[in-house]
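Structural features, examined
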Amino acid sequence: MSRILLSPSRYIQGAGAISELGVHAARLGNSVFVIGGKTAMSICGAAIEASLRANSISCSQEIFQGVSSRKEIGRLAGLARSQSADIIIALGGGASIDAAKAVSHEMDLPVIVVPTTAATDAPCSALSVVYTEDGVFDSYLFLRKNPDCVLVDTTIVASSPAKFLVAGMGDAVAGFWESATCARSGKTNSFSGGQTPTLAVLALSRLCYETLLGSGHQAKLAVERKMVTPAVEAIVEANTLLSGLSSENGGHAGAHSIHNGLTTLPATSAKLHGEKVAFGLLAQLVLEGRPLSDIREVQAFCLSVGLPICLEELNLPNPSQEEIRRVAETAVAEGETIHATWFAVTAEMVEAAIWTADALGLDFKKSRQS
Ligand SMILES: [Zn+2]
């Protein structure tokens, strides 16, 4: 079986990097259509326009309406067409990036992604999530290519609430273990079209994990004070580039499926994607029979940055047996990535793993307090 590496064509990161946007856009075209959320546009819109104009690129901007639905993608594509845009800029957090990447796919135009948080590994991928107009998951849109450019200004990321950086670490920490599961089972990776990851990806995935453990706590404290330090630069790269390459090429496993199960409980809706993925990872480690030393290592990391290690930290102080059974059943639905595990996984096994991960989390917190 052949190996594959999917990645964005260019990745730029640094404090004040938004001022370089025009230089990179000039390689791709001369008329930009910026799609961004209201807050992101108010923070970055003027700086983006200034950088583009300095490079003789025309610019029009449109506020993303909040849901990456087929209707919204169609509306934005219509506007971009009427402006004769030849480059799309995706500005903001997860949903606006999903919508703008889908617009670029539909119009067959290059896309530059400018994330304003480091909350997920979505910016680098050749995938958009499409929702119904009510905001319910609809489908994955597999794009022809990864973004032409991903540009992250760490000053902007560091000025957004620290909870986003922390959630991004939850998504990223799972990547190492999920790709390890896929590598062990040898099952093919749906994101990369059924091929296996290169050695480069396996090495980057480990680097991502080591960076999180080494710099996560420091980075969180710095961002709480809106500061950019070397640790913040390291964690932004881990959350955005390293985690993106790891999950897109290495594959997902139990953590993301258990996350999907947790989303069926309304009480967890206030929790971010990466927070649910972090607890999903702890349950995955129990499910896979990993040694306690591995579980303790991940728990200690989660505790140091403020990621949940037990159910009460996911707004589930007293879940019923039925609720956890529903989470487990959703996690093992057909097509779920938990089936990338190297043995057959049942709902009963996942249920046992969730309760045990919760008990181990409570036990670990108690041992830290005494
Ligand atoms: Zn994720």
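The following paragraphs examine the structure supplied in this document.

Notes on the packing of aromatic side chains
In this structure the tally under the stated criterion is four aromatic pairs. Seen from their ring centres, Phe 176 and Trp 177 are 5.2 Å apart, and the 75° between their planes marks the pair as edge-to-face. Comparing Phe 176 with Trp 177 shows no difference in burial state: the two are buried. Geometrically, the ring pair formed by Trp 342 and Phe 343 is edge-to-face, given 5.5 Å between the ring centres and 90° between the ring planes. Of the residues examined, Trp 342 reaches a relative accessible area of 26% and is grouped as partly exposed. You can call Phe 343 partly exposed: its relative accessible area is 25%.

Thoughts on the coordination of the zinc ion
Taken together, the protein donors to the zinc ion comprise Asp 171 (OD), His 256 (NE2) and His 273 (NE2), at separations of 2.1 to 2.2 Å. Each donor residue of the zinc ion belongs to the same chain, and together they define the spacing D-x84-H-x16-H. A residue pair is termed long-range when its members are at least 10 positions apart, and Asp 171 in helix H6 (residues 162–185) and His 256 in helix H9 (residues 254–262) qualify at 85 residues. Assigned by exposure class, Asp 171 and His 256 land together as buried.

Here's the deal with the nonpolar core
Counting residues in hydrophobic clusters, the biggest one holds 85 residues, and the most contacted among them are Ile 88, Leu 165, Leu 212, Val 350 and Ile 354. Per element, the largest residue contribution to this core is nine residues, and it comes from H6. Setting aside residues up to four positions removed in sequence, Leu 165 forms contacts with Ala 118, Val 157, Ala 219, Lys 220, Val 223, Ile 235, Val 236 and Asn 239. Among the nonpolar cores identified, the runner-up in size contains 22 residues, and Ala 40, Ile 48, Leu 52 and Ile 87 belong to it.

Description of empty space enclosed by the protein
Following the criterion strictly, the structure yields one cavity of 30 Å³ or more and no others. Of the pockets and cavities examined, the largest cavity occupies roughly 80 Å³. The leading source of residues in the lining of the largest cavity is helix H4 (residues 94–107), at three residues. Grouping the constituent residues of the lining of the largest cavity by class yields three nonpolar, two polar and four charged.

Reading the values: rules and limits
- Residues numbered from 1 in each chain as written.
- Predicted model: local features only at pLDDT ≥ 70, side-chain atom pairs only at ≥ 80, totals over all residues.
- Heavy atoms only, no water.
- Phe/Tyr/Trp six-rings, centres within 6.5 Å; stacked < 30°, edge-to-face > 60°.
- Buried < 20%, exposed > 50% of the residue type's maximum accessible area, 1.4 Å probe, protein only.
- Donors = N, O, S within 2.8 Å, 3.2 Å for Na, K, Ca; no water.
- Helix = DSSP H or I, 4+ residues; strand = E, 2+ residues; numbered from the N terminus.
- Core = buried A, V, L, I, M, F, W, Y, C linked by side-chain atoms within 4.5 Å.
- Contact = heavy atoms within 4.5 Å.
- 1 Å grid on protein atoms, 1.4 Å probe; cavity = no way out; pocket = protein on both sides within 12 Å on 5 of 7 lines; lining within 4 Å.
- Points joined across faces, edges and corners; volume = space filled by probe spheres on them.
- Nonpolar A, V, L, I, M, F, W, Y, C, P; charged D, E, K, R; others polar.

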